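# Overview (structure and organization)
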Amino acid sequence: MSQGIWPAVLGRFDWTALPFVRAWDNPTASEIIGAGAASMVIIGAVVAIVLITWLGKWKYLWSEWLTSLDHKKIGIMYVVLALVMLARALIEAVLMRMQQGAAVNSPGFISPDHFSQLFTTHGTIMIFFMAMPFLTGIINYVTPLQIGARDVAFPLLNSVSLWLTGGAAGLMMASLVIGRFSTGGWSGYPPYTELAFSPDVGPDYWIWALTLGSVGSTLTGLNFAVTIFKMRAPGMHLMRMTLFVWTALCTSIMMIFAMPPLTVATALLALDRYLGFHFFTNDLGGNMMNYANLFWLFGHPEVYILVLPPFGVYSEVVSTFSSKELYGYTSLAIATMAIAVLSFTVWLHHFFTMGQSADINAVFGIATMTIAVPTGVKLYDWIWTMFRGRVRFTVPMLYSLAFMMTFVIGGATGIMLAMPPLDFLVHNTVFLVAHFHNVIIPGVLYGLLAGYHYWFPKAFGFRLNEKWGRIAFGCWVVGFYLAFMPLYVLGAAGMARRTQEVFEPAFRPWLYIAGFGALVLLAALAALFVQLWVSIREREANRVTAGDPWDGRGLEWSISAPPPEYNYAVIPQIRGRDPFYAGKRKDECYAPPAHYHDITMPKNSMTGPVIGILGAATAFGLVWHIWWLVILGVLAIVGTVIARSFARDVHRIIPAAEVAWTDMTWLRTVADATPIPRQLETSSANQGLAEIAT
Amino acid sequence: MSGPNEGKRREMWSYVIGYVLALALTGVAFAAVRWPTFAATTTLAIVFGLALVQIIVHFRFFLHVSLAKSSRDDLQLVLFSMLIVALMVSGTIVILANLRHRMM
Amino acid sequence: MSTNEVRHPGLNLGATDEVTHEQAESAVFGFWVFLMSDAVIFALLFATYGVMLHGTAGGPTPAAVYKIGSAFIETMILLTSSFTFGMASIAMKHETGYGRLLAWMVVTLALGFAFLGMELHDFATMIGNGDYPTRSGFLSAFFALVPLHGLHVFFGSLWLIVMMVQVLVFGLDARVKINILRLGLFWHFLDIVWIVIFSVVYLQGLIA
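The structure displayed is predicted, hence computed values, not measured ones.

What follows concerns the overall build of chain C. Along the backbone of chain C there are six helices and zero strands. Going from the N terminus to the C terminus, chain C shows its helices and strands as α-α-α-α-α-α. Taking the principal axes of the C-alpha coordinates as reference, chain C spans close to 60 × 30 × 25 Å. The buried share of chain C, reckoned over its 208 residues, is 57%. In chain C, the share of contacts with a sequence separation of at least 24, taken over all contacts with a separation of at least 6, comes to 75%.

Quick look at the structure:
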């Protein structure tokens, strides 16, 4: 590989970049697992290609999904990506837990280098390729529906964001097959990730995957901020929006301001690695402490970006399944804004031990504790919403209840960690790992899963199987407690994080419990996929075409399930909060409009997929130093953008007659449907029409 | 008062005034450094102060973002952005200065 | 809903093209939001520069490296180009043909190229003198900040060329006008960033 023209063509690629070659040369358990993972990626890709070809669905996939600018389809594709990446990152977590359980005064079966890659990919994927796409997908699907709009402000940009994220995820999967990933943790601290200590391709994969993803997220934030500000239906003042839209708005604003620091941090690291600059090197005037500063300027707002949309989901779910108006709307809106702004004032608590004076630490410690206040306000508002309501224990509600109880524990340990003296004691132990999983899993994951269950019937026209939903829920909760509560004990006892081998036999029982918990979590994931399979098989029995399976409050429930491409045949006029709920009680819903008009929608476009693929290719070239690929990629991306700006025929018109036909068909379905009381909402009697109690 | 040419002349004057003000502010800043008259810190404060004024001039005369009600949304966005920027930049400088003082 | 209402930053089309004026609102506001995210990137590079001013590693200091003369000329060129773009915007809004518009765009482009040319020459001189980015943290910070601004001016100039071609191909249809409005925001924004650059980098570095 190092003779003749090959270095120019293939960069620094070498046969040992392939895990199969490495496993052949050195067949340890660790290497074989690595080769196994690579095989799964290749087999998965081949199976997908064969299946699509055999079913003859390439044209369908391309024209109905991949080139679509429909926010609903884009949202669904984001969630699909998230669920696939969840599977990978969860398996990585199980491997790490198994290793730690096996490696008490023994080397275990995963090498230190492999283990380091595992904790790095686990964190990177969970944050950037699971949680972010999942919440972005739900925001994509729901927000235009809840504000009474037909699409987002910039549909093409929306597709580009999706494909940049997809391309970055592809890069992550490629790193399993060609090369290796970073061993520097999801935060990638230099000087360890500088060339001097990590000259391999790993940190480069990490840098470029994050760069593509962060650009995608910045553009998503921009898109939804403008959409919510400029495209609400007439009469929908800010104080009439749903709480989910409030959280989507604040999340979008936070994305706009929080992603750039990450772009800067990774770009400067890239300059060090590629051009020999000295931003974060040990020598010649580098200042590695600035990296921690820049990274966490992003990192802290990021975790609030992760948690605010799920908080929005909880507001929707708790209100709907308590059959009661959300308590304290104004305080919830203000609390959301407060959390968004305060999240930019606390980032130093991620590096209390870096060497600042106690005074500076104290300031940031106090600021950190103040975020508990608006969060507590929200929690009380949800509890008061349930009080004297008629609570129904559907799967989304179960997740909300588990969240309320479990998140508070994580929040409490967060307050503990906000005190610098305490943080010094447990810094870099698994106490911290327990804390952040204790807030992210109930806070973010349960909320996203609740949202998935809640809006699935709207998106696909049939409900998810409730029994398997409960099984999955039970496993997620039990698994979480088993996997993470022991880590508090271990962390307080001094067990370090990110360790491949453990030297204290007293840790063993706790590690076994945690390992068992990880397996229960894996079962939870499996149950989720079983639920999907069973639900698709039973879909005819669970159709809710009338569109309102839960007696919902927001506008999204006032249209068919699934909605037409343009969402609303006629843009609604809004006269208050929870307009659909109010309308149902006054018998003003499901009336055909006086006139139907032609509707103009964007045409599909291949700009998104092209830019995503070119972006990933350019990034791949950068990783492997394949300079011709980088130059071509950049020129092609610029060329694509310029070419697209010359396109003029970018809209299609849906004739009024077609809109009328679609609407009338749905209204006939509603007229034929039997309204059901809430007790029957998880049975097949539910056709999506709510009985209005008198 | 609202004929088409009237609007055009008003808009042209906006750019001319902005340009002349910017030239002056730039000139003074460069002069203060080229021909030092004050102490170093004072000169620096003058340079930064003039820069801030010139930025406002650009916003008002080139970008038409002012205190007027109709450009209020855009002004709010700019001010909010500057708040976040100020938090990030001042935080960075204070923290890193403290670290340098203690360690380097 | 007055047509002379200012709906977005930068020049508003108002009464001369009411339809495009309405369509422009989201499009231009969205670009304004993008500029705010770009502002954060520049702000953090300025903060990094401030943090690394002392990281000269025994090498060249700011005063040894910066030249006030060329900084001043570059400032004048860029400021004038903002003014000429303003003239172009007015031509687009108030003239019926696009001859004046194209003329002012050409002048702006020429000034943009002059700016870039001078700046590249400055960088080449610096590197020739041994003041290259891999020499020290301070020089790394300089070479990240100032060339990033230059890269933005380069893309702005490219965008100017594309818009001139589009004016010739499509005339002044709604999309062309909206894109020129956005380019205007971009161009003025870059001049604002330059104000901070010449103040924080060049003048601060040259204060005796």
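What follows deals with the overall build of chain B. The number of helices and strands found in chain B is three helices and zero strands. Secondary structure elements of chain B occur, N-terminal to C-terminal, as α-α-α. Rg of the C-alpha trace for chain B: 19 Å, well past the compact-globule value of 13 Å for 104 residues, more than 25% over. Taking the principal axes of the C-alpha coordinates as reference, chain B spans close to 65 × 35 × 15 Å.

Another point: the interface of chain B and chain C. Between chain B and chain C, the residue contacts involve 39 residues of the former and 40 residues of the latter. Mapped onto the side of chain B that touches chain C, the elements with two or more residues apiece are α1 (4–34), α2 (40–62) and α3 (72–103) of chain B. Counting residues per element, the side of chain B that touches chain C draws most heavily on α1 of chain B, at 13 residues. Partitioning the side of chain B that touches chain C into residue classes produces 26 nonpolar, nine polar and four charged.

A few words on the environment of Ile5 of chain A. Looking at the element boundaries, Ile5 of chain A is found in the segment before α1 (6–10). A sequence separation of 37 residues divides Ile5 of chain A from Ile42 of chain A, and the C-alpha atoms of the two residues are 28 Å apart.

Following Pro190 of chain A, the chain continues into Pro191 of chain A via a peptide bond in cis, with omega recorded as 0 degrees. Within the secondary structure, Pro191 of chain A sits in the loop between α7 (155–177) and α8 (202–230). Look at the link from Ala561 of chain A to Pro562 of chain A: it is a cis peptide, with omega at -10 degrees. If you trace the backbone, Pro562 of chain A turns up in the loop between α18 (508–537) and α19 (579–585). Despite not being glycine, Arg498 of chain A shows a phi value in the positive range, around 55 degrees. Positionally, Arg498 of chain A belongs in the loop between α17 (466–492) and α18. For Arg498 of chain A, a count of 16 C-beta atoms within 10 Å puts it in the partly exposed group. Non-glycine residue His64 of chain B carries a positive phi angle of around 55 degrees.

What follows covers the interface of chain A and chain B. Listed by partner, the interface residues are 13 residues for chain A and ten residues for chain B. Of all elements in the fold, only α9 (243–275) and α10 (289–321) of chain A reach the threshold of two or more residues within the side of chain A that touches chain B. If you tally residues by element for the side of chain A that touches chain B, the top one is α10 of chain A, at four residues. Partitioned by chemical class, the residues of the side of chain A that touches chain B number seven nonpolar, six polar and no charged.

Counting all residues, the mean pLDDT for chain C is 94, and 98% of those residues have values of 70 or more. Among the prediction metrics, the complex's ipTM stands at 0.96, with pTM recorded as 0.96.

Residues and elements named next belong to chain A. With respect to the helices and strands, Ser116 occurs in helix α6 (residues 112–146). With 20 C-beta atoms packed within 10 Å, Ser116 lands in the buried category. Sequence separation between Ser116 and Ala402 is 286 residues, and the spatial gap between their C-alpha atoms is 32 Å.

Turning next to α6 of chain A. Residues and elements named next belong to chain A. With 35 residues, α6 extends 49 Å from end C-alpha to end C-alpha; this agrees with the ideal 51 Å at 1.5 Å per step. Remark: the principal bend of α6, roughly 40 degrees, maps to Ile125. Counted residue by residue, α6 has 32 buried out of 35 residues, so it is predominantly covered. Note on α6: the residue one or two positions beyond its end, Gly148, has a positive phi of about 75 degrees.

Calculation criteria
- Residues numbered from 1 in each chain as written.
- Chains lettered and ligands numbered in written order.
- Predicted model: local features only at pLDDT ≥ 70, side-chain atom pairs only at ≥ 80, totals over all residues.
- Helix = DSSP H or I, 4+ residues; strand = E, 2+ residues; numbered from the N terminus.
- Buried ≥ 20, exposed ≤ 12 C-beta atoms within 10 Å, placed from the backbone.
- Contact = placed C-beta atoms within 7 Å.
- Rg over C-alpha atoms; globule rule 2.2 N^0.38 Å.
- Nonpolar A, V, L, I, M, F, W, Y, C, P; charged D, E, K, R; others polar.
- pLDDT = per-residue confidence, 0-100.
- Expected span 1.5 Å × (residues − 1).
- Bend = angle between axes of the 7 residues up to and from the residue.

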